[in-house]
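Notes for the structure review
The lines below spell out each chain.
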Amino acid sequence: MQQRPDAGAARADAGLTQTPTQAHAGRRRALKGMAAGLLGAASSQALASPARVDADPAPALDIAPWSLRQGEPVLWHPYGQPSSHERDVVRRSVTLKAATPGAASSLAPLHKLYGTITPNGLVFERHHAGIPLIDPDAHRLALHGLVKSPRVFTMDDLLRFPSVSRIHFLECSGNTGREWNGPSGQPVQVTHGLLSCCEWTGVPLSTLLDEVGYDREAKWILAEGADGAAMSRSIPIRKALDDALIVYAQNGERLRPENGYPLRLFLPGFEGNMSIKWLRRLKLGREPFMTREETSKYTDLMPDGRADQFTFVMETKSVILQPSPGYRLRGAGFYEISGIAWSGRGRIRQVDVSTDGGRSWQRARLDGDPLNRALTRFRIGWQWDGGPARLQSRAVDETGEVQPTREQLVARRGVNSTYHYNGIQSWKVDPSGELSNA
Ligand code: CO
């Protein structure tokens, strides 16, 4: 027995508590909006049911095979799995250099995600020497240097401290780096996929610093990982005392091995590599420690040949996820444009969307109240006229920082740097409905 291809959609419509009168009122609003192109906050909310408003209110449904028998038992998967029909919603990696297989990254499928939270199995990865598989009972965190009483904490020790849970984005400073020289032709998973957003749970680092009695002379903290690269960075004490967390859980469960199990540092709004995974040591000192990762690696080469060091904050940024390259628009009509915005400086205040390559802009609506240093979802209705279009989004954060165009960014910083690219991203729409990064 075959299900009609539109049966699911018909069932969804039938489930709406919408009387025919309301449906027609909604349609009138939709038609009125067509003249405007982009449908701003007020008008797009009227489009809760954009299509199929004339569908039969009680359509006949075929009985599908799965409706005629008992389904799988409870505990089919003791740890739940996505539907097998969602098997293309996965991380992907780009380059794996044969000489250093552990120095690799994987990218989150942002274009297939909803809302703002990244599921744990899809959080992007960046490792410098592969994923260490750590026994939490054998793991220790040393806190020493300019402190009154150095300590070595077990995981059990750390779990006894007062804890907090906070939602924050995590972005690799190399994210979107391939757009420095113009459109890379790549889809959003490749251009922006070194980005995720989770609820992080752990102990404020300030609590541990109080516990060991830190010396007021201390200005920097060396954070070191237990991986084969001994990944290490210098953290300003200001950040440590402000909002840094020693994290053991994400999205309600313990960290995944690839995200730092059993313990990681988390620095909200700072470049991802500083949130040291598999954290084993914090040492307080007067000067930055000049580790490999802050001298040779994560520095920004400027046009005059000098390199900026210690560029921590991830700047105001946004990108349209739906639609984006890989999607194909099926004819002129209504589409919702939706994406994410974030800033390492604080909350997102405003996102504007353009469908004509930045000549005109309209305010998108934001989901809920934007959180501090977290992804914010934006949405706006769009009546596509079937012609060529160019979709862009531009974020403004609460400090007034406006996401720059690529041209503005290049004028300021040249094209030598790999890191901290936050330019406005453009998706080209062909009359065929095809989207591309061109
Ligand atoms: Co940097």
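These numbers come from a predicted model, not from an experiment.

**Comments concerning the side chain of Thr 299**
- Mapping Thr 299 onto the fold places it in the loop between α8 (292-297) and β15 (300-301).
- The class for Thr 299 is buried, based on a relative accessible area of 14%.
- Ignoring anything within four residues of it in the chain, the contact list for Thr 299 reads Glu 294, Ala 307, Asp 308, Gln 309 and Tyr 419.

**Comments concerning helix α6 (residues 205-212)**
- Within the span of α6, buried status applies to Leu 205, Leu 208, Leu 209 and Val 212. Viewed along the axis of α6, the buried residues span an arc of 100°, placing them on a single side of the element.
- Gly 213 sits one or two positions beyond α6 and adopts a positive phi of about 70°.

**Regarding the packing of aromatic side chains**
- In the structure shown here, the tally under the stated rule is 11 aromatic pairs.
- Between the aromatic rings of Trp 220 and Phe 310, the centroid separation amounts to 5.2 Å while the plane-to-plane angle is 45°, which identifies the pairing as tilted. Residue Trp 220 is located in strand β9 (residues 220-225), and its partner Phe 310 is located in the loop between β16 (307-308) and β17 (317-322); the two are separated by 90 residues in the primary sequence. Phe 310 shares its class with Trp 220; the two are buried.
- Of the aromatic side chains, those joined through ring pairs into one cluster are Trp 220, Phe 270, Phe 310 and Phe 312.
- Taking the ring centre of Tyr 214 as reference, the NZ or CZ of Arg 216 above it sits at 4.3 Å.
- The ring of Trp 361 carries the charged tip of Arg 394 above its face, separated from the ring centre by 4.2 Å.

**Some points on the sheet that holds strand β3 (residues 104-107)**
- Reading across the sheet, the three strands line up as β2-β3-β4 and stay open at both edges, with antiparallel pairing between neighbours. Of all the strands in the sheet, the pair left with one neighbour each is β2 (92-93) and β4 (125-127).
- Across two bridges, β2 lies against β3 in antiparallel orientation. Looking across to β3, one finds that Ser 93 is bridged to Ser 106.

**Some remarks on the coordination of the cobalt ion**
- Around the cobalt ion, the protein contributes the donor atoms Glu 271 (OE), Thr 311 (O), Thr 311 (OG1) and His 420 (NE2), at 2.0 to 2.3 Å from the metal centre.
- Donor residues for the cobalt ion, ordered by position in the chain, follow E-x39-T-x108-H. With a gap of 149 residues between them, Glu 271 in the loop between β13 (264-266) and β14 (279-285) and His 420 in the loop between α9 (406-413) and β24 (426-429) connect regions that are remote in the sequence. Take Glu 271 and His 420: they sit in the same class, and that class is buried.

**A short note on the nonpolar core**
- In terms of nonpolar packing, the biggest core is built from 39 residues, with Leu 205, Leu 208 and Leu 284 touching the most fellow members.
- Mapped by element, the contributors of at least two residues to this core are β5 (140-145), α4 (155-159), α6, β9, α7 (237-242), β11 (245-250) and β14.
- Looking at which element gives the most residues to this core, the answer is α6, with four residues.
- Here Leu 205 is in contact with Ile 221, Ala 240, Ala 244, Leu 245, Ile 246, Leu 265 and Leu 282, once residues within four sequence places are set aside.
- Of all hydrophobic cores here, the second largest spans 33 residues; its members include Cys 197, Ala 341, Ala 364 and Trp 382.

**Side note on unusual backbone geometry**
- Omega for the bond connecting Tyr 261 with Pro 262 falls within 30 degrees of zero, at 5°, which places this linkage in the cis form.
- Mapped onto the secondary structure, Pro 262 falls in the loop between β12 (253-254) and β13.
- At Leu 75, a position not held by glycine, the phi torsion is positive, near 65°.
- A relative accessible area of 63% means that Leu 75 is categorised as exposed.

**Some details on the state of the cysteines**
- The full count for this structure, using the stated rule, is zero disulfides.
- With no disulfide of its own, Cys 198 lies closest to Cys 197 among cysteine sulfurs, the gap being 6.7 Å.
- Among the residues examined, Cys 198 registers a relative accessible area of 0% and is labelled buried.

**What about the environment of Thr 176?**
- Structurally, the position occupied by Thr 176 is in the loop between β7 (164-171) and α5 (188-192).
- When the C-alpha positions of Thr 176 and Val 190 are compared, they lie 7.9 Å apart, and in sequence the two are 14 residues distant.
- Once you skip the residues sitting within four places of it in the chain, Thr 176 turns out to touch Thr 191, His 192, Lys 317, Tyr 421 and Gln 425.
- A distance of 2.7 Å separates polar atoms of two side chains, one belonging to Thr 176 and the other to Lys 317.

**Remarks on the sheet that holds strand β10 (residues 232-236)**
- The five strands are arranged β6-β5-β14-β9-β10 in an open sheet whose pairing can be described as mixed. Every interior strand has two partners, whereas the edge strands, β6 (151-154) and β10, have only one. Ignoring which end each strand starts from, the neighbouring axes of this sheet average 20° apart.
- Bridging between β9 and β14 involves six bridges; their strand directions are antiparallel. Considered in β14, the bridge of Ala 223 is made with Leu 282.
- Sheet contacts for α6: β5, β6, β9 and β14; angle to β6, the most-contacted strand, approximately 135°.

**A word on the side chain of Ser 196**
- You can see Ser 196 is positioned in strand β8 (residues 195-204).
- Using a relative accessible area of 1% as the deciding quantity, one classes Ser 196 as buried.
- There is a polar contact of 3.1 Å between the side chain of Ser 196 and the backbone nitrogen of Phe 124.
- Residues within four places of Ser 196 in sequence aside, it is in contact with Ala 108, Thr 118, Leu 122, Val 123, Phe 124, His 168, Phe 169 and Leu 170.

**With respect to the pattern of salt bridges**
- Per the counting criterion, the structure on display carries 23 salt bridges.
- Ionic pairing is found between Arg 328 and Glu 434, a salt bridge with its closest N-O pair at 2.6 Å. Highlighted residues: Arg 328 in the loop between β17 and β18 (333-342) and Glu 434 in the loop between β24 and β25 (435-436), separated in sequence by 106 residues.
- Notably, a salt bridge pairs Glu 398 with Arg 347, separated by 3.5 Å at the nearest N-O pair. Note that Glu 398 is positioned in the loop between β23 (389-397) and α9 and Arg 347 in the loop between β18 and β19 (348-354), a separation of 51 residues in sequence.
- Exposure remark for Glu 398: the relative accessible area of 38% places this residue in the partly exposed category.

Here is what the cut-offs are and how they apply
- Residues numbered from 1 in each chain as written.
- Predicted model: local features only at pLDDT ≥ 70, side-chain atom pairs only at ≥ 80, totals over all residues.
- Heavy atoms only, no water.
- Helix = DSSP H or I, 4+ residues; strand = E, 2+ residues; numbered from the N terminus.
- Buried < 20%, exposed > 50% of the residue type's maximum accessible area, 1.4 Å probe, protein only.
- Contact = heavy atoms within 4.5 Å.
- Arc of directions from axis to C-beta.
- Phe/Tyr/Trp six-rings, centres within 6.5 Å; stacked < 30°, edge-to-face > 60°.
- Lys NZ or Arg CZ within 6 Å of the ring centre and 35° of its normal.
- Pairing = 2+ DSSP bridges.
- Donors = N, O, S within 2.8 Å, 3.2 Å for Na, K, Ca; no water.
- Core = buried A, V, L, I, M, F, W, Y, C linked by side-chain atoms within 4.5 Å.
- Disulfide = S-S within 2.5 Å.
- Polar contact = N/O pair within 3.5 Å; in protein donor to acceptor, adjacent residues only side chain to side chain.
- Axes fitted to C-alpha atoms, helices over the stretch in contact; angles between N-to-C directions.
- Salt bridge = Lys/Arg side-chain N within 4 Å of Asp/Glu carboxyl O.

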